[in-house]
Amino acid sequence: MARLTFPTPPGWLRRGPLREGAFRSSLHDERTAALIGTALGIAFTTAFLTGLISHELQLRHPPTWIPDRPVWIYRFTQGLHVASGLAAIPLLLAKLWTVYPRLFGWPPLSSIRHGLERLSILVLVAGAIFQLVTGLLNVIQWYPWAFAFVPTHYQVAWITVGALIVHIAVKAPAIARGYRRPAAQPPSEPAAEAAPAVAAAGEPVAEPSVAESTKPRFLAPRPGTVSRRSLLITTSAAVGVVTLTTVGQSVTWLRGIDLLAPRDPSVGPQGVPINRTAAQAGVQTTALDPGWQLEVDGPRPFQLTLAQLARLPQYEAVLPIACVEGWSVNGTWSGVRLRDLLDRAGAPTGADIRIVSFEKAGFYATTTMPREYARDPLTLLALRLGGQPLSVDHGYPARIIAPGRPGVLQTKWVQRIEVL
Ligand SMILES: Nc1nc2c(c(=O)[nH]1)N[C@H]1C(S)=C(S)[C@@H](COP(=O)(O)O)O[C@H]1N2
Ligand SMILES: [Mo]
């Protein structure tokens, strides 16, 4: 392949971090970069795949390739999505710290190919930081931006993963070298063994020779510097702490230590957190209006009061609310099966349906529900949670609860069911 090379810049520019051998610690070598990079690659791949699932479930009608069983499938995938994203934060910081000396690589630009390689790293780093920052802020429900989170987070995910694939392909030889090289100093250098004895005798330890410093990747770390092992242990500990103090928001038996989780899955009326309260949604008075009637549109449209709904056959289902933000919790819901209401309205079995809330505006005021979920025997128009009438914040007088669906689609304060 023809290579277009650029002239080497003048030598007097080689100062400070640009000088030869400026970074010699093993914390910046290929092995450290490969090990932390692998963990980071696994975290990003997990977040990407689970993110695709979430996107498919929320935005595609019908979601084609995602089963609706087990009922906790989204609880699992979205819990994993948020957990892998949070774990990626300390990993990304460690990785950037390991490789930042490459910013000062010499020469800064040697060929078109080299330029493209550096550009792909720029895209990768920018994309990775963007994804982790927007994801984190979304999880803590702080939206200091003007763009729509969901489509932007989705598109940047593809760009970032594209750059990641290019990066892995380009770095494959370096990654392979990083894995091959023994963690310790090669035994062919006896000086490495002699050094501690000299130090113990109070003599200053010799700095590595200039000849060695031209091969910075093989240098022993200077005495007293942090070892690779310490860096890896610290990074793993940070990942462990971040994970253990947050996964309790979906792994219920760990909720006792979810100190950093934005939600405690047990705090909320009827033991279930609230995404948006009735007051925040502006429905408090409407929800408590005794004249409320459910409207069902279809070939044989009808309306039912709450008392009439309560006299229909009641079913119970243990189903999770699994929020896109990562928290999730099981509830014991009871109420009327959606399929029974649809049959009563004479809806064809192949029809998709739309759920309309009496909440006036907002993203979640209506949902389209594919027929598979509408006809699922576990999909309820729930009137009760844990044996009690729904609290107004959980969607009183009636809300949708269906298996395997993202929390955003579990419409509260239902007004109308439309057959499409
Ligand atoms: N009408 C309406 N339904 C809604 C919402 C909403 O804001 N308005 N929030 C959704 C979101 S994002 C989630 S996670 C669940 C949370 O249900 P909960 O508040 O009963 O726990 O309700 C969903 N249903
Ligand atoms: Mo949610």
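As shown above, the structure is provided for reference.
Remember, predicted model here, so these are calculated numbers, not experimental data. (Residues numbered from 1 in each chain as written. Chains lettered and ligands numbered in written order. Predicted model: local features only at pLDDT ≥ 70, side-chain atom pairs only at ≥ 80, totals over all residues. Heavy atoms only, no water.)

**Some points on the overall build of the chain**
A tally of helices and strands in the chain yields twelve helices and ten strands. The buried share among the 420 residues of the chain stands at 44%. Long-range contacts, defined here as pairs at least 24 residues apart, represent 70% of the contacts in the chain between residues at least 6 apart. Total accessible area on the chain is roughly 21,200 Å²; 65% of this is exposed by carbon and sulfur atoms. (Helix = DSSP H or I, 4+ residues; strand = E, 2+ residues; numbered from the N terminus. Buried < 20%, exposed > 50% of the residue type's maximum accessible area, 1.4 Å probe, protein only. Contact = heavy atoms within 4.5 Å. Areas by Shrake-Rupley, 256 points an atom, 1.4 Å probe, with all protein chains shown as cover.)

**Focus on the pairing of strand S6 (residues 366-369)**
Looking along a regular strand, one sees side chains alternate from face to face of the sheet. Alternating positions in S6 separate cleanly, Thr367 and Met369 being buried on one face and Thr366 and Thr368 remaining unburied on the opposite face. Pairing of strand S5 (residues 353-357) with S6 involves four bridges; the strand directions are antiparallel. Of the residues in S6, the one forming a bridge with Ile355 is Thr367. (Pairing = 2+ DSSP bridges.)

**Some remarks on the site of ligand 1**
Around ligand 1 sit 19 residues in total, of which Pro273, Glu359, His394, Arg399 and Lys412 are the nearest. Here an oxygen atom of ligand 1 and a backbone polar atom of Pro273 are 2.5 Å apart. Gln410 places a main-chain nitrogen or oxygen 2.9 Å from a nitrogen atom of ligand 1. Coverage of ligand 1 by the protein chains reaches 100% of its 540 Å² of free accessible surface. In terms of residue class, the shell around ligand 1 is made up of nine nonpolar, six polar and four charged. (Near = heavy atom within 4 Å. Polar contact = N/O pair within 3.5 Å; in protein donor to acceptor, adjacent residues only side chain to side chain. Nonpolar A, V, L, I, M, F, W, Y, C, P; charged D, E, K, R; others polar.)

**Side note on the sheet that holds S6**
Reading across from one edge, S2-S1-S10-S5-S6 is the order of the five strands in this open sheet, with mixed pairing throughout. Each end of this open sheet is capped by a strand with a single partner; those strands are strand S2 (302-305) and S6. Strand-to-strand twist of the sheet, defined as the mean angle between neighbouring strand axes without regard to direction, takes the value 20 degrees. (Axes fitted to C-alpha atoms, helices over the stretch in contact; angles between N-to-C directions.)

**So, the packing of aromatic side chains**
We describe a pair of aromatic rings using the distance from one ring centre to the other and the angle between the two ring planes. A full pass over the atoms with the stated rule returns ten aromatic pairs. Both rings, one in Tyr143 and one in Trp145, keep their centres 6.3 Å apart while their planes meet at 70 degrees; by these two values the pair is edge-to-face. The class for Tyr143 is partly exposed, based on a relative accessible area of 44%. A residue is classified by how much of its surface remains accessible, and Trp145, at 18% relative accessible area, is buried. The positively charged end of Arg337 is found above the aromatic ring belonging to Tyr315, 4.2 Å away from the centroid. Directly above the aromatic system of Phe302 lies the positively charged group of Arg344, at a separation of 4.9 Å from the ring centroid. (Phe/Tyr/Trp six-rings, centres within 6.5 Å; stacked < 30°, edge-to-face > 60°. Lys NZ or Arg CZ within 6 Å of the ring centre and 35° of its normal.)

**Observations concerning the pairing of S5**
Of all the five residues making up S5, four are buried; the element is thus mostly covered by neighbouring parts of the structure. As paired strands, S5 and strand S10 (residues 414-419) are joined by five bridges and run antiparallel to one another. Bridging from a neighbouring strand, Ile355 pairs with Ile417 of S10.

**Re unusual backbone geometry**
Residue Pro70 is bonded to the preceding Arg69 through a cis peptide linkage, with omega at -5 degrees. Position of Pro70 relative to the elements: it lies in the loop between helix H1 (30-59) and helix H2 (73-99). Trp106 connects to Pro107 through a cis peptide bond whose omega is -5 degrees. Residue placement: Pro107 occurs in the loop between H2 and helix H3 (112-139). Positioned with a positive phi, Gln141 is a non-glycine residue whose angle comes to about 60 degrees. By secondary structure assignment, the location of Gln141 is in the loop between H3 and helix H4 (149-180). With a phi close to 60 degrees, Gln270 is a non-glycine residue in the positive phi region. Residue placement: Gln270 occurs in the loop between helix H7 (228-244) and helix H8 (278-281).

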